[in-house]
Amino acid sequence: MTMQETKPLILLEKYRSLLISAMIVESVTFIVSLTDSLVAANCIGSDALSSVGLFSPFFSICTFVTAVVNSGTMMLFSADIGRFDKKQATVHFSQGCITAVIFGVLLTAIVFLIKPLFVSSLSITPEIESYLSSYYSVATLYFLFAPIGCLLDNAIVADGGEKLSVAANTIQIVENVLLSFLLAKPFGIVGIAAATVGCKAVFILLVSIWFFTKKNTLRFVWHFSFKDLGEMFSKGIVRASTYALTALMMWLLNRFVLEHYNITTFQIWVIAQKILGLSTIFEGFSLTLRPIISTLQSENNTKAMRAITLRLLSDLVMIGVLCTTIIFCFTAQLLHIYGIKDGEAFEQGINALRIMSITIVFGAQAVMFFIYYFLIDKPILSLMVGFLKDLICPVGLIYLLESFHKGDSICFGWDLRHQICFV
C-alpha cells in the first residue's frame, strides 16, 4: 500500500486518539466546576452555591490566560514539528512553560488585589458575601497551577502521551470529587476550594511523569524573548478570546439576574450554567485538529484539511445532540443532585434547563466555525463569531427580551443566542 493510501488512515487514527483525549481533558474543567457547586449545594446550602456561581467569571478569565499561552505555544510547536524543526519546537515549548508560570503568578496576584472591588460590585446578602469571600481567598490559588498544567498536558498529548493524559485527568476528577466531599464537612466552603487547588497541583505532578519515559521527546531549555512572546500572544489571543468574552458575559448576566429576579431564580441560573457548562467542552476540541491541521498546512493539503474538519463538525453535532438529550431526559435527576426536589424552584429549574439545553446543538456548530476560521488563519472572522456567540447575542437578547416580557427573557435569550449566531 502506498503512502498516499495509508496517510488518510493514519490521520484518522490520530484524529480519533486526539478526540478521545480532548473529550477527557475538556471534561475535567466542566466536572471540577460542577463539583464545587454540587458539593456546596449539598454539604453547605444554597448561599454557598450562589457564591461559587458568582466566582465563575474568574475561572473563565483563568481559562482565557491559559488558552493564550497554551494555544499560542502549541500552534508554534505543532508548526515546528510539521517542518521537522525539533530545535525550534524545543525553544517554543520552553518559552511557553516559562510564560505559563509567569502568567499564573501575575493572574493570581491581580485577582487577589481586585477582590474588594469585585465583591462591592454585586448586590448580595451578607451571608452570600461571607461565603464568597472565603471561597475567593482559596480558589484564587488555582490560577497558579492552571496555565502550566494545561500546557504540559497538551504538550504530552502532541508528543504521543494520550494515555497518560487520560489517566492523569481521570485521577484528577475522582480525587477532586472525593476530597471536596471529605473536606466540606470540617472546613466548609474553604475545604471545597482547597480540594480543587490541591488536585490541580497533583495533576501537574502526574503529567510530569511523561518526561521520565523513554517515549518522551520534549526537552526544556532556558529561553525567553519578547519577540517569541509576541508571536505566541498573536497566535493565541484569538483562540482564547472566547473565554474573556464569556467572563464578561457571565459577570454582566449575574448582575442582571441579581438585580431583576429573586435569589431562587439566581440559584436556578447558577445551576443551569453549571450543568449547561457541559457544552464548553466543544471549545477545547480545537486541540484535536491543531497538530493535524498544522501538519497538513505545511504540506498544503487542503483536501485532507477539509475532510478532517467536516468529520469534527459531524462529531460535534452528534455529541451536542447527546448532551441535549441527556439534560432533557434527566432534568429532574440533575436538579435532585443539587438538593432541589420539589416546590417552585424545582418547576422553575425543569423549565429553564429544558429550554436552555436546546441551544447546545447549535452551539456546537457555532464553535466549529470559530475553531475552523481560527485554524485556517482567518482571525477576524473567528473573532466575529466569538463576539456574537459569547457576548453580543446572549447579553443583547436577554436584555432585549426583558424589555418586552419579564420572566422568560433569561431562558429564551440564552436559547436563541447560538441559533442567531449560526444563521
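Residues numbered from 1 in each chain as written. Predicted model: local features only at pLDDT ≥ 70, side-chain atom pairs only at ≥ 80, totals over all residues. Heavy atoms only, no water.

**Student:** Any details on the packing of helix α2 (residues 46-82) against helix α6 (residues 142-158)? Residues and values, ideally.
**Tutor:** Packing of α2 against α6 brings their axes to within 9 Å, and their N-to-C directions diverge by 35°. Viewed along their axes, α2 and α6 form a crossing whose handedness is right-handed. Side by side, α2 and α6 meet where Phe55, Phe58, Phe59, Cys62, Thr66, Val69, Asn70, Thr73, Met74 and Phe77 of the first sit next to Tyr142, Phe143, Ala146, Pro147, Cys150, Leu151, Asn154, Ala155 and Ala158 of the second. Residue composition of the contact of α2 with α6, grouped by class: 15 nonpolar, four polar and no charged. (Axes fitted to C-alpha atoms, helices over the stretch in contact; angles between N-to-C directions. Helix = DSSP H or I, 4+ residues; strand = E, 2+ residues; numbered from the N terminus. Left-handed = near helix turned anticlockwise from the far one by under 90°. Contact = heavy atoms within 4.5 Å. Nonpolar A, V, L, I, M, F, W, Y, C, P; charged D, E, K, R; others polar.)

**Student:** Report on the packing of aromatic side chains, specifying residues and quantitative values.
**Tutor:** Under the defined criterion, the tally for this structure stands at 17 aromatic pairs. Relative to Tyr135, the ring of Phe55 has its centre 5.4 Å away and its plane inclined at 85°; by these criteria the two rings are edge-to-face. One end of the pair, Phe55, is in helix α2; the other, Tyr135, is in helix α5 (residues 126-139), and 80 residues separate them in sequence. Using a relative accessible area of 0% as the deciding quantity, one classes Tyr135 as buried. These aromatic residues form a ring-pair network of at least three members: Phe55, Phe58, Phe59, Phe118, Tyr135, Tyr136, Tyr142 and Phe143. Across the ring face of Phe328, the terminal group of Arg354 is positioned such that the distance to the ring centre comes to 5.1 Å. (Phe/Tyr/Trp six-rings, centres within 6.5 Å; stacked < 30°, edge-to-face > 60°. Buried < 20%, exposed > 50% of the residue type's maximum accessible area, 1.4 Å probe, protein only. Lys NZ or Arg CZ within 6 Å of the ring centre and 35° of its normal.)

**Student:** So what's going on with the side chain of Lys200? Which residues, and what values?
**Tutor:** Among the structural elements, Lys200 can be located in helix α8 (residues 189-207). Of the side chains bearing the opposite charge, Asp153 lies closest to the buried Lys200, which forms no salt bridge; the N-O distance is 7.2 Å. In this structure Lys200 touches Tyr142, Phe145, Ala146 and Gln172, once residues within four positions along its chain are discounted. (Lys, Arg positive; Asp, Glu negative; His and termini not counted. Salt bridge = Lys/Arg side-chain N within 4 Å of Asp/Glu carboxyl O.)

**Student:** Describe helix α16 (residues 379-404), and please don't skip the residues or the numbers.
**Tutor:** Because each turn of an α-helix spans 3.6 residues, side chains separated by three or four positions in sequence point in the same direction. The terminal C-alpha atoms of α16 lie 36 Å apart, and with 26 residues this matches the ideal 38 Å at 1.5 Å per residue to within 8%. Remark: the principal bend of α16, roughly 45°, maps to Leu388. Within the span of α16, buried status applies to Ser382, Val385, Gly386, Lys389, Asp390, Leu391, Cys393, Pro394, Val395, Leu397, Ile398 and Glu402. (Expected span 1.5 Å × (residues − 1). Bend = angle between axes of the 7 residues up to and from the residue.)

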